[in-house]
Amino acid sequence: MRSSVERRGLSVRCTKHRSRSAYLFLSVYASRFSLALWRFSNGGTPSSNFGEQSGLSFALRPRVALLVDGDQIGPRALPSIMTSAQRLGDLVVKKIYVTEHQAQDWAPHLASAGIEPILVPRYLGGAKDPVDMQIALDAAELALASQSNISAIAVCSDDSDYVLLMRKLMSWNLSAHLLMTSYTHLNTARARDLAALGINVATYQRKEFIPPKTMATMIFKDGLFEVVDNFPCSGELRYAERADVDHLVATLRSYHYLSVEQARSRRGLLPAIIKFFHVNKLGPLQIHPKNVAIQRAIEVLHTHPEAKWSNDPGSYVYLECCGSSPQPKKRLRNGGEGSYFGRNVRGGGMHLIRVSATLVVDVLTRLRYLTSDGTLSEAMQLFFSRNSKSLKNIGMQTMSDVTASRLHSIFANQEQHQNWKVARSDKQVREKLHSLKILRNVSASEATVKRSMLSYFEQQGRHLPTTMGYVACIDLFVRCLTA
């Protein structure tokens, strides 16, 4: 047994030894740190190799667990995901969550990246997404496991439901990252909201972008819209940088082309750009795809940084005439018939209409509800029946609520998305009447088609007034065919 004096002496010697060891340890790392800084200042490799040169990669870079939602992405996005994730730190855990069927597609790509596939079973009758639940469970397990030494968790998904998981991870003193697809206007507003919560948002490309050589597009010029086929494509098809879009939105907001809410959510950006070009007489504008118009507006602002622009007079309405969707087999890629652009083209395109006392008449005429043989009351009824879902969302519940004054206030509202379904097409009616041998020529005039419809209804025992407009007859005939 050592005496108390001997123990104190041993303790002092051990303390001196530990202090000397700590001093040597810090001296070695300080010298490596100085060497790395000297190399960097003399043209050496910057931070990508800094950890290797200084020996401080473990201390400086966080240890990150990457959890990928395989339900939302395909294998082609993997290289971009890994590149974005590696900027967050050292990926010490890499997992992707897939079903058994998806695992077959992913298998050739995972081994080289060192990613562990997690097969998530789906049980009959389940209403929740089991992949989301498994990711949340594994993230919590990694966060609470003392031996994992994880300092950050990155979830690769476009699902905002992970915000709850991110906030819980941060409450456990872990950094939380959400990897989303590269910039979209919806994701910009979402990224801002997530950043306010302390959640870092990184982006990746879903797949390598290969622009087509030509595509169908629409050009806005002198207040008119023109569809152009085989329009040559350019690099402007790529998404703009977020900082540039933020500057564009701030400019449009300062000149009243966007409201505060529109600037925050990025909704109404394309109509605002179109009005901005029209009011300031900036020349032709390609508006499809939308990011081309955004790039063009950004270019104008960069070219004229000191320019003073005209404010939005609030006297123009941007109207989108939405046609029906084709059969799935007829849908095309790159702005074809099945796209949002294609439906608007079939519906009659887009229009920039001046707000005036005849606004309701102008809008219903372009939407094909009001024709020369119809009445305004009849056109408003048809418009409500075709757009009842959208109108109910803004407080117009029944047909009795539809008045010219209320429609005028809706159409003149600069914050209302003016995308409305057009009146029913008469193509199906013409073909049906022709097959019944009531209409001789499918290309007959509207007056002839109307007489044929009245004749058909008389055969069915229904006598319609001859004063009924052509569009109303078409609407009734189509509803009878589909009843």
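Criteria and cut-off values
- Residues numbered from 1 in each chain as written.
- Predicted model: local features only at pLDDT ≥ 70, side-chain atom pairs only at ≥ 80, totals over all residues.
- Heavy atoms only, no water.
- Helix = DSSP H or I, 4+ residues; strand = E, 2+ residues; numbered from the N terminus.
- Expected span 1.5 Å × (residues − 1).
- Buried < 20%, exposed > 50% of the residue type's maximum accessible area, 1.4 Å probe, protein only.
- Contact = heavy atoms within 4.5 Å.
- Pairing = 2+ DSSP bridges.
- Axes fitted to C-alpha atoms, helices over the stretch in contact; angles between N-to-C directions.
- Phe/Tyr/Trp six-rings, centres within 6.5 Å; stacked < 30°, edge-to-face > 60°.
- Salt bridge = Lys/Arg side-chain N within 4 Å of Asp/Glu carboxyl O.
- Core = buried A, V, L, I, M, F, W, Y, C linked by side-chain atoms within 4.5 Å.
- Right-handed = clockwise from strand over helix to strand, strands pointing away.
- Parallel < 35°, antiparallel > 145°, perpendicular 65-115°, else oblique.
- Nonpolar A, V, L, I, M, F, W, Y, C, P; charged D, E, K, R; others polar.

Draft legend 1. Representation of helix α19 (residues 446–459) within the structure. With 14 residues, α19 should cover 20 Å at 1.5 Å per step; its first-to-last C-alpha distance of 20 Å lies within 8% of that length. Among the residues of α19, those classed as buried are Val449, Lys450, Ser452, Met453, Leu454, Tyr456 and Phe457. In this structure, the buried side of α19 is in contact with α18 (427–435) and α20 (470–482). Once α19 finishes, Gly461 follows within two positions and takes phi at roughly 85°, a positive value.

Draft legend 2. How the structure looks around the sheet that holds strand β1 (residues 63–69). With parallel pairing, six strands are arranged side by side in an open sheet as β3-β2-β1-β4-β5-β6. Each edge of the sheet is formed by a strand with only one pairing partner; in this case those strands are β3 (116–119) and β6 (200–204). The sheet shows a mean angle of 25° between the axes of neighbouring strands, direction not considered. Here strand β2 (residues 90–98) pairs with β3 via four bridges, running parallel. From the neighbouring strand, Val98 faces β3, where its bridge partner is Leu119.

Draft legend 3. Representation of α20 within the structure. Counted at 1.5 Å a residue, the expected span for α20 with its 13 residues is 18 Å, and the 19 Å between its end C-alpha atoms agrees. Taken together, the buried positions of α20 are occupied by Tyr470, Val471, Ala472, Cys473, Ile474, Asp475, Leu476, Phe477 and Val478. The elements touched by buried residues of α20 are α15 (376–386), α18 and α19.

Draft legend 4. Seen up close, the packing of aromatic side chains. Per the counting criterion, the structure on display carries twelve aromatic pairs. Measuring from ring centre to ring centre gives 5.3 Å for Phe383 and Trp420, while their planes differ by 65°; the resulting arrangement is edge-to-face. Here Phe383 is found in helix α15, whereas its partner Trp420 is found in strand β12 (residues 419–421), with 37 residues between them in sequence. According to the relative accessible area criterion, Phe383 is buried, its value standing at 0%. A relative accessible area of 1% places Trp420 in the buried class. An angle of 50° between the planes, with centres 4.9 Å apart, marks the rings of Tyr456 and Phe477 as tilted. In this pair, Tyr456 sits in helix α19 while Phe477 sits in helix α20, placing the two residues 21 residues apart along the sequence. Considered together, Tyr456 and Phe477 belong to a single accessibility category, that of buried residues. Among the aromatic side chains, those forming a connected cluster through ring pairs are Tyr257, Phe276, Phe277 and Trp309.

Draft legend 5. View of the sheet that holds strand β11 (residues 349–354). Across the sheet, three strands lie side by side as β11-β10-β12; this open sheet has mixed pairing. Of all strands in the sheet, those with a lone pairing partner are β11 and β12, marking the two edges. Averaged over all pairs of adjacent strands, the angle between their axes in this sheet comes to 30°, without regard to strand direction. Each of β10 (316–322) and β11 is contacted by helix α14 (residues 359–366), which is oriented at about 170° to β11, the strand it contacts most.

Draft legend 6. Structural context of the pattern of salt bridges. In total, this model carries seven salt bridges according to the counting rule given. Ionic pairing is found between Glu261 and Arg264, a salt bridge with its closest N-O pair at 3.6 Å. Of this pair, Glu261 and Arg264 both sit in helix α10 (residues 260–265), three residues apart, roughly one helical turn. With its nearest N and O atoms 2.8 Å apart, the salt bridge here joins Asp475 to Arg479. You can see Asp475 and its partner Arg479 sitting in helix α20, four residues apart, about one turn around the helix. Here the residues in one salt-bridge network are Arg424, Asp475 and Arg479, joined through shared partners.

Draft legend 7. Just the nonpolar core, in detail. Among the nonpolar cores identified, the biggest contains 44 residues, and Leu367, Phe383, Phe411 and Met453 are the most heavily contacted of them. For Phe383, the residues in contact, after removing those within four places along its chain, are Leu364, Leu367, Tyr369, Leu391, Leu407, Phe411 and Trp420.

Draft legend 8. The pairing of β1, seen in detail. Counting buried residues in β1 gives six out of seven residues, a clear majority hidden from the surface. Both β1 and β2 contribute to a ladder of seven bridges, which runs parallel. Looking at the pairing, Leu66 lines up with Lys94 of β2. Assessed by its sense of winding, the connection that carries the chain from β1 through helix α4 (residues 78–86) to β2 is right-handed. When β1 meets strand β4 (residues 152–156), the two strands line up parallel, connected through five bridges. The residue bridging Leu67 from the neighbouring strand is Val155, located in β4.

Draft legend 9. Representation of unusual backbone geometry within the structure. With a phi close to 70°, His256 is a non-glycine residue in the positive phi region. Even without being a glycine, Arg368 presents a positive backbone phi close to 75°. Here Arg368 shows up in the loop between α14 and α15.

Draft legend 10. Spotlight on the packing of helix α9 (residues 242–254) against helix α12 (residues 290–303). Following both chains from N to C, one finds α9 and α12 inclined at 75°, their axes separated by 10 Å at the closest point. As the angle between them shows, α9 and α12 are arranged roughly perpendicular. Here Asp244, Val245, His247, Leu248 and Thr251 of α9 lie close against α12, whose contacting residues are Ile294, Ala297, Ile298, Leu301 and His302. Among the residues making up the contact of α9 with α12, the classes are represented as six nonpolar, three polar and one charged.

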